[in-house]
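Spelled out, the chains give:
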Amino acid sequence: MSDFESYTAAPPAPSGTPSAEERQWGQFGHLSSLAGLFTGGIGNIVGPLIIWLIKKDTMPFAADQAKEALNFNITLLIIGVILLLVTIFTFGLGIFITAPIGILLGIAWLVLTIIAAMKANEGVAYRYPFTLRLVK
């Protein structure tokens, strides 16, 4: 397995049926990334990170879902920084390409976050597409 495959391969879901409380915390793990809408973007990472750190020893399903949300938001942060750098290095001309990509990524982020929260509430371990799994 190459290094890239090890970063993008989805980990196995926690076994067993999660309790209602665990499903709710899993949902919070995804929805906490929406805090970035109110904090200038930093909440996208801090929200899932806090839930993962609090629940990693007591609720495996909730910790798994918060970690998945954390990895997804870190991936989008990396993509956002790359888009910003492309815009800067092209002296602003790249904005004609990077702005539409950024808008599409923002819409995809919102839709996938809502889908993930709904799946976690159902007790299904959701895996975001195209996510670098940097936090193991």
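Remember, predicted model here, so these are calculated numbers, not experimental data.

So, how was this worked out
- Residues numbered from 1 in each chain as written.
- Predicted model: local features only at pLDDT ≥ 70, side-chain atom pairs only at ≥ 80, totals over all residues.
- Heavy atoms only, no water.
- Helix = DSSP H or I, 4+ residues; strand = E, 2+ residues; numbered from the N terminus.
- Buried < 20%, exposed > 50% of the residue type's maximum accessible area, 1.4 Å probe, protein only.
- Salt bridge = Lys/Arg side-chain N within 4 Å of Asp/Glu carboxyl O.
- Patch = residues over 30% accessible without salt bridge, like charges linked within 9 Å, V, L, I, M, F, W, Y side chains within 5 Å.
- Areas by Shrake-Rupley, 256 points an atom, 1.4 Å probe, with all protein chains shown as cover.

### Brief notes about the environment of Leu84
Reasoning step 1: By the element assignment, Leu84 lies in helix H5 (residues 60-89).
Reasoning step 2: Judged by relative accessible area, Leu84 falls into the exposed class, the value being 51%.
Reasoning step 3: For Leu84 and Gly94, which are 10 residues apart along the polypeptide, the C-alpha to C-alpha distance reads 9.1 Å.

### A word on the pattern of salt bridges
Reasoning step 1: Here the structure, examined in full by the defined rule, presents 3 salt bridges.
Reasoning step 2: One salt bridge in this structure joins Asp64 and Arg127, with 3.0 Å as the shortest N-O distance. Taken together, the positions of Asp64 in helix H5 and Arg127 in the segment after helix H6 (95-121) put the pair 63 residues apart, joining distant regions of the chain. For the pair Asp64 and Arg127, one class covers both residues: buried.
Reasoning step 3: Glu68 is the partner of Arg127 in a salt bridge, and the nearest nitrogen-oxygen pair spans 3.6 Å. Separated by 59 residues along the polypeptide, Arg127 in the segment after H6 and Glu68 in helix H5 bring together distant segments of the chain.
Reasoning step 4: Through salt bridges with shared partners, a single ionic network connects Asp64, Glu68, Arg127 and Arg133.

### A word on a nonpolar patch on the surface
Reasoning step 1: Together, Leu77, Val81, Leu84, Leu85, Ile88 and Phe89 make up a nonpolar patch on the protein surface, roughly 590 Å² of accessible area in all.
Reasoning step 2: Its location among the elements puts Ile88 in helix H5.

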